[in-house]
Amino acid sequence: PLITALSREDTEDASSDAAAAAAAALRADPCHRRPSAVGKAVHEALLKHERAAAALEKARDEARVRPLITALSREDTEDASSDAAAAAAAALRADPCHRRPSAVGKAVHEALLSHGRAAAALE
């Protein structure tokens, strides 16, 4: 039942409390470490859950920072020293994905580097 619940939650919302509870229960179950068919099924369910949770986190990060990156790029083209550019850059620096080694983190880092170059060229 835990594997089924986890699979259902991964389909609906991999970050839900129910998904977290099912994953925690599976990790705590002693069969998780056994080299058996049941242990393998638990292991596969947990891997699938981790992938689904990571994909969901990436999508949420992307949705949150993409408008900021677009705004910063637009401001860099128009006026890299504007208040809007400074606000977008500050929001991107403060975002937690800025420090993550992910595709979204890399996009944020590159946008901030590009902004730094545009601001330097303006001076």
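Our subject is the structure listed above.
Residues numbered from 1 in each chain as written. Predicted model: local features only at pLDDT ≥ 70, side-chain atom pairs only at ≥ 80, totals over all residues. Heavy atoms only, no water.

1. Re the side chain of Asp-76
So, step 1. Mapping Asp-76 onto the fold places it in helix H3 (residues 37-79).
So, step 2. No salt bridge forms around the buried Asp-76; measuring N to O, its nearest opposite-charge neighbour Arg-117 is 8.6 Å away.
So, step 3. With residues up to four places along the chain from it excluded, the contact list for Asp-76 reads Ser-114, His-115 and Ala-118. (Helix = DSSP H or I, 4+ residues; strand = E, 2+ residues; numbered from the N terminus. Buried < 20%, exposed > 50% of the residue type's maximum accessible area, 1.4 Å probe, protein only. Lys, Arg positive; Asp, Glu negative; His and termini not counted. Salt bridge = Lys/Arg side-chain N within 4 Å of Asp/Glu carboxyl O. Contact = heavy atoms within 4.5 Å.)

2. Here we look at helix H5 (residues 103-122)
So, step 1. Helix length check: H5 (20 residues) gives 28 Å between terminal C-alpha atoms against 28 Å at 1.5 Å per residue, within 8%.
So, step 2. By the burial criterion, the buried members of H5 are Val-104, Gly-105, Ala-107, Val-108, Ala-111, Leu-112 and His-115. Here the buried residues of H5 occupy an arc of 160° about the axis, which is enough to place them on one side. Within H5, the exposed residues directed more than 90 degrees away from the buried face are Ala-103, Lys-106, Arg-117 and Ala-121.
So, step 3. Contact partners of the buried residues in H5: H3 and helix H4 (83-94). (Expected span 1.5 Å × (residues − 1). Arc of directions from axis to C-beta.)

3. Digging into the environment of Ala-94
So, step 1. Positionally, Ala-94 belongs in helix H4.
So, step 2. The sequence separation of Ala-94 and Glu-75 amounts to 19 residues, and the corresponding C-alpha distance is 18 Å.

4. Side note on the pattern of salt bridges
So, step 1. Inspection of the entire model under this criterion finds five salt bridges.
So, step 2. We note a salt bridge from Asp-61 to Arg-64, for which the minimum N-O separation is 2.8 Å. Taken together, the residues Asp-61 and Arg-64, both in helix H3 and three residues apart, mark about one turn of the helix.
So, step 3. The class of Arg-64 is partly exposed, set by a relative accessible area of 36%.
So, step 4. Note that Arg-64 is salt-bridged to Asp-95, the shortest N-O span being 2.6 Å. Taken as a pair, Arg-64 in helix H3 and Asp-95 in the loop between H4 and H5 lie far apart in primary sequence, 31 residues in all.

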